[in-house]
Amino acid sequence: MRVILLTMLMLLATTARASDQPLRLVLHWLPQAQFAGYLMAEEKGFYAARGLDLKIIPGGPDVNVSQHLADGRAEFATMFLSTAIERSAAMDLVHIGQIVHQSALMLVASRDSDIRSLKDLGGRRVGMWGADFQIQPRALFKRLGIEVTVVEQAPSMDLFMRGGLDAVSAMWYNEYHTLMSYGLEEKDMVAFFFRDLDLNFPEDGLYCLRSTFERDPAAARAVAQASLDGWAYAFAHPEETLDVVLRRMKEHRVKANRAHQRWMLARMQDIVLAGGAPRLTLSRTDFERTTHILMEQGFASEPPRYEEFVMEPTP
Amino acid sequence: MRLSIGARLSALTLACVTLILAMVVGYAYVVSRDTIVELARKNGTAVAQGTASRINAQFQATAKVTETVAATLEDADLSKRFLSDLGRRVLFSNPGIFGTAVAFEPQAFERGTKYFAPYSYRRNYAITSVNLGGDDYNYFTKDWYQLARELNRPVWTEPYYDDGGGDTLMITYSAPFSRRTPRGLQPAGVVTADIDLAWLQRTISSVSVSASGYVFLLSRYGAYIAHPDPALIMNETIFTHAEDLNLPSLRDLGKEMVAGRAGFVEFSDLPGVGAAYVAYQPLPDERWSLAVVLPKDELLAGANRVTRIMTGIGLAGFVLLAGVILAVSGTITRPLRILTRAAGGIAAGNLDQPMPAIAPGDEVGDLAASFTSMKEALRRHIADLTTATAARERIESELRIARDIQMSILPKIFPPFPDRAELDVYASIVPAREVGGDLYDFFFADEHRFCFLIGDVSGKGVPAAFFMAVTKTLIKAVAEREKAPGRILSKVNDELAADNDSCMFVTLFLAILDTRTGRLEFGNAGHNAPLLLRRGRPPEWIGSLEEPMAGAMPDIDYTTGALDLAPGDTLFLTTDGVGEAMNPTLELYTDDRLLETVSAHANAGAQDMLRAVSASVTDWAGGAEQSDDITMLAVRYLGPAPQ
């Protein structure tokens, strides 16, 4: 009897601790329309509506979200699928919901250059970000059998604009429009989308440690579901969403302009819906393509199995 | 639409005046506007150039310092202390520079050191030094480092918020430097000098343009570096701004400015300003661009005011002129209206009304005078006409009486001699509207001698009527004394001609029938021949003796012709009014037609024959006006009276 009581008290204490301390969702980049769904879910109380006390921690160039999970600085995180698969070697991560189903990563060359096809990139200087963003390009170059000079690129795209790079990596929803905001027209640019090159990596998804999930699977599912509600709301109310996003950006002293965020939200709609309804399901085909290429590129040696990794409810 | 003269005159004159006024005001506005715009273009360009060159001076000084430092580093003996002092010295002697760094390539300063970048900057009026770089601040991919390093030439970065050391909005001039090593010159890092954007913004906001005019500065990619709206700075490029405002003309301006061109353009609607002129000027070294915005309203305020005043004066003049024209046209047209009313009265027959008193001396006065004399003339004429009409009516009445009297002297009672079986006599006269001079008569000169005659006096009217009456009376008087018709005619002729000053004459056919024997004697003074109808023979014209008519001259011997009538023979006498009766198409009845009609009734009695001829003539005339008397006399000899 005393044992049972003690156990119950402990359980109560555990739950109490869990509900006393707010849950934290760390985003893998600075606040912007890329995260409009989560911001709107918080803003409109969709997390609270599902019984969650959740706080969003914005990311940035120097925030490592998996480190946040490992250190217990956050319970949930957004990550690219590829990043999550890589990290799962070192830490026991689970996938609790897929938000972005299409890859927005692209390579952009100037129309003024003589680059017209991917083969023309051979021997050129190509701007890339950190390792996570190099997997698809490197797999592509390997497939094409070309060598390129990789230059790590800064977010400003300035080096590309000044002719210091022949091609540059860009996210469709972000840097592609940054180039447009520098006065380039879409016709001034040659664009290659990885999603069209049999290299579609589903991007932003929701993750947590397996221990977090197992402690409270319902909460994890609620986080994913409320985030999806936030996205649906954001697409239905773009102007209100832009107001919120711009406010958040200004609070974090991030360069913010409405036209850019409007473009980003519209493109997010394209890649989140990807021609369907809002959904959390991770396509097995996409998952397997991603793990295959990660292994091929040496980014993962023993990737998790789909069934063990993917926790979101299957429809 | 009917418009009065006054209204037409006013409308035309005022339309011309308005047109002239509009042209004058429009021309004045266009000229003054063009002058002002030209001044604004010059002024705006001058402001843009002045501001650009002030900024450029600072930039060039900064660039010069940076490049000098970069050159020194090639051979200098580098220590941490040397580099720290270098930074402080640069800041000390260059108040325009916010911070300066010497950033090394990994391992370039010393083995084992990935990040080495001593950075000195101003903070709270003092110079602070830090070492940049670390896992949280990987400067190798920062534009201020990477651009100069990768392009291997000095560059101005785009404005950025530096969170590594300066914690402020800045732009940086970066120059790569190399170090002499045993393997030759090797790239070793970059030297930087920062300019605090706040300084730039102060410089630009201190440029006074006009009350709501302003200056803005764009980076090489069109990012707002300085603008009165702080929300735009660093957040928007001119292209996203244009996209957000849906203002393609702003995007075009951005393209021009980013392309490094200078110019002057007009905007119909710039947010917060409205219509405006923009003068823009490049800062070639950094490929930045500066623009001066001049609100059109403010520029043109003077011209607009002058135009408003001119329009006001014009409107007042217009109203004044309209009043004057209406008054003048009123003085001209009022007498006309009065005259019109008076003329209306005249037309209605009121000739006794007084004519309005209108002062003579102009055209309207003349018109009024003419109206007055016209009215007088009209009244006189009408009075005359009234008198004349009365006179004519009296004469006509008298003529009618004369005619009645004339007609009454012809025998009208048939049968005239009911107790005489030897004869069947019938006569008729259809007088024309005018009094004519036809006559007929028959009487017994004695027991057995039956005298009958027909005649036609020349001319018409009362003289002809008198002459006819005289002729008839004379014949009757003479026939009682003379036996032979020729003699009778000669006597009558002499009597008539005796006092015939008016030279009237008469044609006469006169015959005397002895009722016992049927012997007919006749004379003819110029009358048309009678028709003789004998039993069983075609009618024949008889007795045209071709002797002159009576009364014109005396002493004419008329012959006496003779023939014998058998019982049943008829003599048919007419005046020329029968043969000359006309139908409406002015065709004559002719003697041939007369002959025909008479032949058709050869066996009828005198009355029937005569009525048949009369009906035939009336039929022929068919309503045409009768121009002459139509007179007929038929005498049928029935044989001697039984004893």
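Above this note sits the structure.
Okay, so let's go over this structure. (Residues numbered from 1 in each chain as written. Chains lettered and ligands numbered in written order. Predicted model: local features only at pLDDT ≥ 70, side-chain atom pairs only at ≥ 80, totals over all residues. Heavy atoms only, no water.)

1. Topic: the overall build of chain A
Line of reasoning, step 1. Along its length, chain A carries 14 helices and 10 strands.
Line of reasoning, step 2. Computed over C-alpha atoms, the radius of gyration of chain A comes to 21 Å, within 12% of the 20 Å expected from 2.2 N^0.38 for 315 residues, which places it in the range of a compact globule.
Line of reasoning, step 3. When its C-alpha atoms are laid out on the principal axes, chain A stretches across 80 × 45 × 35 Å.
Line of reasoning, step 4. Going through the 315 residues of chain A one by one, you find that 56% of them count as buried.
Line of reasoning, step 5. In chain A, the share of contacts with a sequence separation of at least 24, taken over all contacts with a separation of at least 6, comes to 78%.
Line of reasoning, step 6. Only carbon and sulfur atoms are counted for the fraction: they give 54% of the accessible area of chain A, which is about 13,400 Å².
Line of reasoning, step 7. A distance of 2 Å separates the average location of the 34 positive side-chain charges in chain A from that of its 40 negative side-chain charges. (Helix = DSSP H or I, 4+ residues; strand = E, 2+ residues; numbered from the N terminus. Rg over C-alpha atoms; globule rule 2.2 N^0.38 Å. Buried < 20%, exposed > 50% of the residue type's maximum accessible area, 1.4 Å probe, protein only. Contact = heavy atoms within 4.5 Å. Areas by Shrake-Rupley, 256 points an atom, 1.4 Å probe, with all protein chains shown as cover. Lys, Arg positive; Asp, Glu negative; His and termini not counted. Charge placed at Lys NZ, Arg CZ, Asp CG, Glu CD.)

2. Brief notes about the environment of A:Gly275
Residues and elements named next belong to chain A.
Line of reasoning, step 1. Along the chain, Gly275 falls in the loop between α12 (258-273) and α13 (284-296).
Line of reasoning, step 2. The exposure class of Gly275 is exposed, given its relative accessible area of 85%.
Line of reasoning, step 3. C-alpha of Gly275 to C-alpha of Thr83: the two residues are 192 residues apart in sequence and 24 Å apart in space.

3. Observations concerning the sheet that holds strand β10 (residues 263-270) of chain B
Think of a sheet as strands paired side by side through backbone hydrogen bonds, with each pair either parallel or antiparallel.
All names here are of chain B.
Line of reasoning, step 1. Spatial strand order, β9-β8-β12-β11-β10: 5 strands in an open sheet with antiparallel pairing. Strands at the two margins of the open sheet, each flanked by one partner only, are β9 (224-226) and β10. Taken over all neighbouring pairs, the strand axes of this sheet differ in orientation by 30° on average, direction set aside.
Line of reasoning, step 2. Here 5 bridges tie strand β8 (residues 214-218) to strand β12 (residues 288-295), and the two strands are oriented antiparallel to one another. When the bridges of β12 are listed, Leu217 appears paired with Leu290. (Pairing = 2+ DSSP bridges. Axes fitted to C-alpha atoms, helices over the stretch in contact; angles between N-to-C directions.)

4. Quick notes on the side chain of B:Thr307
Residues and elements named next belong to chain B.
Line of reasoning, step 1. In this structure, Thr307 sits in helix α8 (residues 301-347).
Line of reasoning, step 2. By relative accessible area, Thr307 is classed as buried at 17%.
Line of reasoning, step 3. Those residues in contact with Thr307, other than ones at most four positions away along the chain, are Val25 and Tyr29.

5. With respect to helix α9 (residues 363-408) of chain B
An α-helix turns once every 3.6 residues. As a result, residues three or four positions apart point the same way.
Line of reasoning, step 1. Taking 1.5 Å of rise per residue, 46 residues should cover 68 Å, and α9(B) covers 66 Å from first to last C-alpha, within 8% of that figure.
Line of reasoning, step 2. Regarding α9(B), the residues found buried are B:Val364, B:Gly365, B:Ala368, B:Phe371, B:Lys375, B:Arg403, B:Gln406 and B:Met407. (Expected span 1.5 Å × (residues − 1).)

6. Observations concerning the interface of chain A and chain B
Line of reasoning, step 1. The interface is formed by 30 residues belonging to chain A together with 27 residues belonging to chain B.
Line of reasoning, step 2. A buried area of about 2,400 Å², summed over both sides, lies between chain A and chain B, and 46% of it is on carbon and sulfur atoms.
Line of reasoning, step 3. Looking at the side of chain A facing chain B, the largest losses of area belong to A:Leu159, A:Arg162 and A:Tyr182, adding up to 26% of the total buried there.
Line of reasoning, step 4. Scanning the region where chain A abuts chain B turns up 4 salt bridges.
Line of reasoning, step 5. Residue B:Asp244 pairs with A:Arg262 through a salt bridge whose shortest N-O separation is 3.2 Å.
Line of reasoning, step 6. Counting every contact that joins chain A to chain B gives 14 residue pairs in polar contact (both at pLDDT 80 or more). (Buried area = accessible area lost by both parts, 1.4 Å probe. Salt bridge = Lys/Arg side-chain N within 4 Å of Asp/Glu carboxyl O. Polar contact = N/O pair within 3.5 Å; in protein donor to acceptor, adjacent residues only side chain to side chain.)

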